[in-house]
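# Results of the structural survey
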Amino acid sequence: MIAFKLAYKNLMGAGLRTLLIVFVLSLAYVLIIYMNGLYQGWDRQARIETIVWEMAEGQYWHELYDPYDAMTLNDAHAPVPDALEASAAEGKAAPILVTQATIYPEGRMMGAMLKGIDSRQKILSLPTDKLDPDSEEITAIVGTRLAKAAGLETGDYLLIRWRDVHGTFDATEVKIERIFNTTVPAVDMGQVWIPLRKLQEITGMQGEASLIVVDEVPQEGSTIAGWDFQGHEVLFKELEEMIQMKSIGGSIFYIIILALALLAVFDTQVLSIFRRQREIGTYIAMGMTRKQVVGIFTVEGGMHAILAVVLGAIYGFPLLLWTQKAGIKMPEGTDDFGMAAAEHMYPYYSLALIIGTIILVMLATTIVSYMPSRKISKMNPNDAIRGKIQ
Amino acid sequence: MKNGSIITIENLVKSFPIGGGEFTALNGINLTFNKGEFSGIVGPSGSGKTTLLNILGSLDTPSRGQTNVLSTSSGQMTPKISATLRKKHIGFIFQTYNLMAVYTVFENVEFPLLLMKMPASDRKKAVLEALEWVGLTDKIKSKPPQLSGGESQRVAIARAMVKKPDLVLADEPTANLDAENSHHILQTMEKLNKELETTFVFATHDDKVIGYLRRIIRLEDGKVVSDENFNK
């Protein structure tokens, strides 16, 4: 308790120097929380949007299906298993057939993925109700990104060429029924959605699918032959890695701020110990052990971090709250990275993040304060009392 | 330890390494201090006064020989034991006062009692009493930079005396004071010595201090050259 009282008095006595260090430390707190909150918010938002638009609670993949391997895609299809057929009929599963295609917007040639999906499905937010499996012409929906890249508008006809199950090329025009806006690039960029039945017909893959989206995680141990269930832990792996990579890049900024603040604390400690030799000697003469004096100086340095929490809370709390409510406008092209990014990103400041940051900064400050304070334990109190240590 | 004595020193040698050799600051000191003494170690600069005082205050240890301060021998002296000895039984007064600038007069005097974990109400009483001894009850809220040299040294005396120690060690306490303040300080210490029976040991070469001492131990080149008692 004496250590805290004394530390507080000394810090207050140092005036502007303390204020500056405390301010920079508080900046480190706020920036760490803000940057990590932004990434956590992005992660959260991307997860929610991806679940709603693309993944649902998981996906059964045909055993050969690999979204990143174009060479196996042509063989990655099989009849929808009975169990999942029944789920699809109840609206609990949505089979999707995937095939490679080429589109010719305005005479240009672009690679695309042709995806067939049941127009009655409600699991994903795709506006599949606009797809008419019974009409003569093939109806299609595309996202805004593809529409922009290919210059498409609602009502346009788009020429598509594909290969059927026997490898024969065929082509037809599809009518763009709806251009939807989504934050999930994976269901938009280069994706043309048409009714499942139509795609099965034109490819000769009747009753087949490449993957089946489900709205319930299957019971543990239940398997379907020829199909592999991919849960969130697998489906989000890439997203998490990407966010982690971005968060490491972003952390450089606040690491520099934190390093500057810690350097200031270290410097202050060194100066303080040199300048206050007499005080150190007097503490020892009055009956404190060197260890206790080291403790006083360590607490004093560490207290910068405590005061910084208070200062950081004063200006940081409203600032962070505001960013959480109003969100941060993301620059155009952010979703070109391939992950879901809304126009506005809403940071998410979890309690664990706030407490973790406070502990990290306090710990770092205490260690940095302790390092120069160790010199006290080697001081000769007689020389210290007379201020003779160089 | 001899009857009535609170400090005994036998064949004390203290040397410091200097360059490749050794400098002997104290050589073969044999002394005894009794309870209630008002004594001084006197000698020119470099004679070993402060070194001897630091050994008595357990801030330093002998190179050879034995000391026994308040029933604790130098052989038993661990950092913790010596810290406890200083905390409970020894008060220090320094030439440069060594007050804590960020603390008020009251808090400076209170500090040794905080270390002793004395309850707050007892602490307040003891601090006010100590400040009354030195005549500074009107300055309790002042901070050291607002005090004169004489006032600062009186605060230092109050800080040394507040725990009513058995032994007070004063190293050149008047060196930074004018004659009037020096006499005031010395009279205060003499009064406390008589009223509380506290043993005072000074290290000094100031004639004003020497005039008040009842025992003068003269040191020269680390050796006791005379030890005289005076009836005052």
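Residues numbered from 1 in each chain as written. Chains lettered and ligands numbered in written order. Predicted model: local features only at pLDDT ≥ 70, side-chain atom pairs only at ≥ 80, totals over all residues.

## Some points on the overall build of chain B
- Within chain B, the regular secondary structure consists of seven helices and 10 strands.
- Here the C-alpha radius of gyration of chain B, 17 Å, is about what a compact globule of 232 residues would show, namely 17 Å.
- Overall, the C-alpha framework of chain B stretches about 50 × 40 × 40 Å when taken along its three principal axes.
- Within chain B, the fraction of its 232 residues that count as buried is 44%. (Helix = DSSP H or I, 4+ residues; strand = E, 2+ residues; numbered from the N terminus. Rg over C-alpha atoms; globule rule 2.2 N^0.38 Å. Buried ≥ 20, exposed ≤ 12 C-beta atoms within 10 Å, placed from the backbone.)

## Quick look at the overall build of chain A
- For chain A, the count of helices and strands is 12 helices and 13 strands.
- Against the 2.2 N^0.38 benchmark of 21 Å for 390 residues, chain A shows a C-alpha radius of gyration of 31 Å, more extended than a compact globule.
- Considered along the principal axes of its C-alpha atoms, chain A spans approximately 100 × 45 × 35 Å.
- Looking at the 390 residues of chain A, the share that counts as buried comes to 42%.
- Restricting to contacts in chain A with at least 6 residues of sequence separation, those with at least 24 account for 80%. (Contact = placed C-beta atoms within 7 Å.)

## Observations concerning the interface of chain A and chain B
- The interface is formed by 16 residues belonging to chain A together with 22 residues belonging to chain B.
- When residues of the side of chain A that touches chain B are traced back to their parent elements, those giving at least two are helix 1 (2-14), helix 9 (277-285) and helix 12 (381-385) of chain A.
- A class-by-class count of the residues in the side of chain A that touches chain B yields six nonpolar, six polar and four charged. (Nonpolar A, V, L, I, M, F, W, Y, C, P; charged D, E, K, R; others polar.)

## Observations regarding the nonpolar core
- Formed by 83 residues in total, the largest nonpolar core has its most connected members in Val293(A), Ile41(B), Val109(B), Ile157(B), Ala158(B), Leu169(B) and Val201(B).
- Apart from residues lying up to four places away in sequence, Leu169(B) is in contact with Leu53(B), Leu56(B), Gly57(B), Ile90(B), Phe92(B) and Val201(B).
- Membership of the second largest hydrophobic core comes to 53 residues, among which are Tyr60(A), Ala112(A), Ile117(A) and Val174(A). (Core = buried A, V, L, I, M, F, W, Y, C linked by C-beta atoms within 7 Å.)

## Thoughts on the packing of helix 2 (residues 16-55) of chain A against helix 8 (residues 237-275) of chain A
Residues and elements named next belong to chain A.
- Relative orientation of the contacting elements helix 2 and helix 8 amounts to 175°, with a least axis distance of 8 Å. Between helix 2 and helix 8, the angle falls in the class roughly antiparallel.
- Residues that form the contact of helix 2 with helix 8 fall into these classes: 21 nonpolar, six polar and three charged. (Axes fitted to C-alpha atoms, helices over the stretch in contact; angles between N-to-C directions. Parallel < 35°, antiparallel > 145°, perpendicular 65-115°, else oblique.)

## Quick look at helix 10 (residues 290-326) of chain A
Residues and elements named next belong to chain A.
- Here helix 10 contains 37 residues, and its C-alpha end-to-end distance of 52 Å stays within 8% of the 54 Å for a straight helix at 1.5 Å per residue.
- Most pronounced at Gly316, the bend in helix 10 amounts to some 40°, and the proline Pro318 follows within four residues.
- Looking one or two residues beyond helix 10, the residue adopting positive phi is Gly327, at roughly 75°. (Expected span 1.5 Å × (residues − 1). Bend = angle between axes of the 7 residues up to and from the residue.)

## Some thoughts on the confidence of the model for chain B
- When pLDDT is averaged along chain B, the result is 91; 98% of the residues meet or exceed 70.
- As scored by the predictor, the complex reaches a pTM of 0.72 and an ipTM of 0.91. (pLDDT = per-residue confidence, 0-100.)

## Concerning the packing of helix 2 of chain A against helix 11 (residues 351-373) of chain A
All names here are of chain A.
- Where helix 2 contacts helix 11, the axes come no closer than 10 Å and their chain directions differ by 145°. You can see that helix 2 and helix 11 cross each other, and the crossing is right-handed. Touching Leu25, Ala28, Tyr29, Ile32, Ile33, Asn36, Gly37 and Gln40 of helix 2 are Leu353, Ile354, Thr357, Ile358, Val361 and Thr365, all from helix 11.
- Class assignment of the residues belonging to the contact of helix 2 with helix 11 gives a composition of nine nonpolar, five polar and no charged. (Left-handed = near helix turned anticlockwise from the far one by under 90°.)

## What about the pairing of strand 3 (residues 38-42) of chain B?
Residues and elements named next belong to chain B.
- By the criterion of burial, strand 3 is predominantly enclosed, with four of the five residues buried.
- Note that strand 3 and strand 8 (residues 199-204) share five bridges and pair parallel. By the bridge assignment, Ser39 is partnered in strand 8 with Val201.
- The pairing of strand 3 with strand 9 (residues 215-220) spans four bridges and is parallel. (Pairing = 2+ DSSP bridges.)

## Notes on the domain arrangement of chain A
- What the domain assignment reports for chain A is domain 1 (2-52 + 238-385) and domain 2 (58-230).
- When each unit is reduced to the centre of its C-alpha atoms, the spacing between domain 1 of chain A and domain 2 of chain A is 50 Å. (Domains from an automatic or database assignment.)

## Side note on the environment of Glu197(B)
Residue and element names in this part refer to chain B.
- Relative to the helices and strands, Glu197 is located in the loop between helix 6 (179-196) and strand 8.
- By the C-beta count within 10 Å, which is 12 here, Glu197 ends up exposed.
- Along the sequence, Glu197 and Ser182 sit 15 residues apart, while their C-alpha atoms lie 21 Å from each other.
- The residues touching Glu197, leaving out its near neighbours within four places in the chain, are Lys35 and Gly36.

## Some remarks on the sheet that holds strand 2 (residues 21-34) of chain B
All names here are of chain B.
- Strand order in the open sheet formed by four strands is 2-1-4-5, and the pairing between neighbours is antiparallel. Where the open sheet ends on each side, the last strands, each with one partner, are strand 2 and strand 5 (72-73).
- As judged from the five bridges shared by strand 1 (residues 5-18) and strand 4 (residues 64-69), these two strands associate in the antiparallel manner. Among the inter-strand pairings, Glu10 is bridged to a residue of strand 4, identified as Gln66.

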